[in-house]
Amino acid sequence: MPNENDARTYSVELTAAPESREDRIAAAKQLAKEVGADAKKVFQLISSAPKTISRSMSRDDAESMAELCRDAGLEVSVVAAEPETERWAPATKVVQQARQGGAPQGRTQTRTQAEPPAGELSSAPSASRPTERPTGTPTETEHKPSVSIGGMRSSSPYVTILFAPRRTMRYVLEAASDRSAIITIVVLSLTATLPFVVLAPFLQIPLLGGVGVALLVTVFAVIGGLVGLYLNGFFYYFFGQRLFGGQANYRDARMAYAWGFIPGVWMTLAILVVALLIVVASVTGSSALIQLLLVTSGILGVVAAVWSLVVQAQALGEAHRFSAWRGLGTIIASALIPSLLVTLLQTVVGVVL
């Protein structure tokens, strides 16, 4: 007959969160490595207490998980629940071997029911998935956000980022690869130059009149866009953490910077369509229509800038786990502080020389 312990399930409760951010980061990295979890999710899990960090476990599993937590520097306790009919399969040996840094040989033990609730840790990595998921491979728990536009529903993140930036950014940070940020900036740089090339005769910009010069401008635009991605991504990461208490790493800050420009890509394509209409209107000789289209392209440019700023603030807020207002503050600080430092340096150099 099963004893009392066998009839119960147990949970591991975090009783006190590490005081400093550095301690939380170190604890999250160590615990994530031991149980095969994502370090960022573990960091979020242990940032406040009291909190249940693992539940519905056998007593041996709970004690083993608590030991792993204590080894990572966390204050935890094991709490017994009321008797339940559904339980986790025993995994004490798996946990102990994970703690020793080695995976069990010929492991066939799996859990007997569904995954634990979101935001909690299981006792050990499941045999059905790797301990470290490559970036860009979504898991079953990661659901694409979707939006309805004119009765049509889309789940493409390149569309949903326009209307649901925070939910989309959370999905992107978990499921998209770093290449998506580079691709976005390259596409933006390419599309941004096309309307100016088309409108060059009407804007009286002779430099863009030649094909060779236009190609050179496009190349420099792409290079400048990529430099901006890594430079501004660092500013978003550094100032977001230092000034506003954000939690994003350098990679997540770059992703937020790039994906925040998606509205600009779409609006630039709209401006390109307007530019082509201007070319068509010039053939018909309708100067009034040309002026109207030029004004329309300018309005679209302003809308693109404002929309991108709003989306970028929301995306950065999601990456750093703070409000969009702090995201906006990070963007402003990233633009002003380096400019002021450069101006100050130029002034000092000018005085010295």
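These numbers were taken from a predicted model, which means no experiment stands behind them. (Residues numbered from 1 in each chain as written. Predicted model: local features only at pLDDT ≥ 70, side-chain atom pairs only at ≥ 80, totals over all residues. Heavy atoms only, no water.)

Peer 1: How do you make sense of the pairing of strand β1 (residues 10–16) when you look at a structure like this?
Peer 2: Every regular strand shows the same layout, with side chains that alternate between the two sheet faces. In terms of residue burial, β1 counts as a mostly covered element, since 5 of its 7 residues are buried. Direction of pairing for β1 relative to strand β2 (residues 51–57): antiparallel, over a ladder of 4 bridges. For V12, the partnering residue across the bridge sits in β2 and is S54. Summarising the sheet, β1 and strand β3 (residues 75–80) pair through 6 bridges and their orientation is antiparallel. Bridged to A16 within β3 is E75. (Buried < 20%, exposed > 50% of the residue type's maximum accessible area, 1.4 Å probe, protein only. Helix = DSSP H or I, 4+ residues; strand = E, 2+ residues; numbered from the N terminus. Pairing = 2+ DSSP bridges.)

Peer 1: Explain the packing of helix α11 (residues 287–320) against helix α12 (residues 324–352) here, please?
Peer 2: What describes two packed helices is the angle between their axes and the distance between those same axes. The geometry of α11 relative to α12 is characterised by a closest axis approach of 7 Å and an angle of 110° between their N-to-C directions. When the interaxial angle is binned, α11 and α12 end up roughly perpendicular. Seen from α11, the contacting residues are L309, Q312, A313, Q314, L316 and G317; seen from α12, they are A324, G327, L328, T330 and I331. Of the residues that constitute the contact of α11 with α12, the class distribution is 6 nonpolar, 5 polar and no charged. (Axes fitted to C-alpha atoms, helices over the stretch in contact; angles between N-to-C directions. Parallel < 35°, antiparallel > 145°, perpendicular 65-115°, else oblique. Contact = heavy atoms within 4.5 Å. Nonpolar A, V, L, I, M, F, W, Y, C, P; charged D, E, K, R; others polar.)

Peer 1: Help me out: how do you make sense of the packing of aromatic side chains in this one?
Peer 2: Both the distance between ring centres and the angle between the ring planes are used here to describe each pair of aromatic rings. Overall, the coordinates contain 12 aromatic pairs when judged by the stated rule. Here F234 and F238 contribute two aromatic rings whose centre-to-centre distance is 5.8 Å and whose plane-to-plane angle is 20°, an arrangement assigned as stacked. Remark: F238 and F234 occur in helix α8 (residues 211–244); sequence separation between them is 4 residues, near one turn of the helix. With a relative accessible area of 33%, F238 lands in the partly exposed category. Residues F235 and F239 carry aromatic rings whose centres are separated by 5.9 Å and whose planes lie at 35° to one another, so their mutual orientation is tilted. Of this pair, F235 and F239 both sit in helix α8, 4 residues apart, roughly one helical turn. The pair formed by F235 and F239 is uniform in burial state, with each residue classed as buried. When the ring centre of Y250 is taken as origin, the NZ or CZ atom of R254, which lies over that ring, is 4.6 Å away. (Phe/Tyr/Trp six-rings, centres within 6.5 Å; stacked < 30°, edge-to-face > 60°. Lys NZ or Arg CZ within 6 Å of the ring centre and 35° of its normal.)

Function cannot be inferred from these measures alone, as they are strictly geometric.
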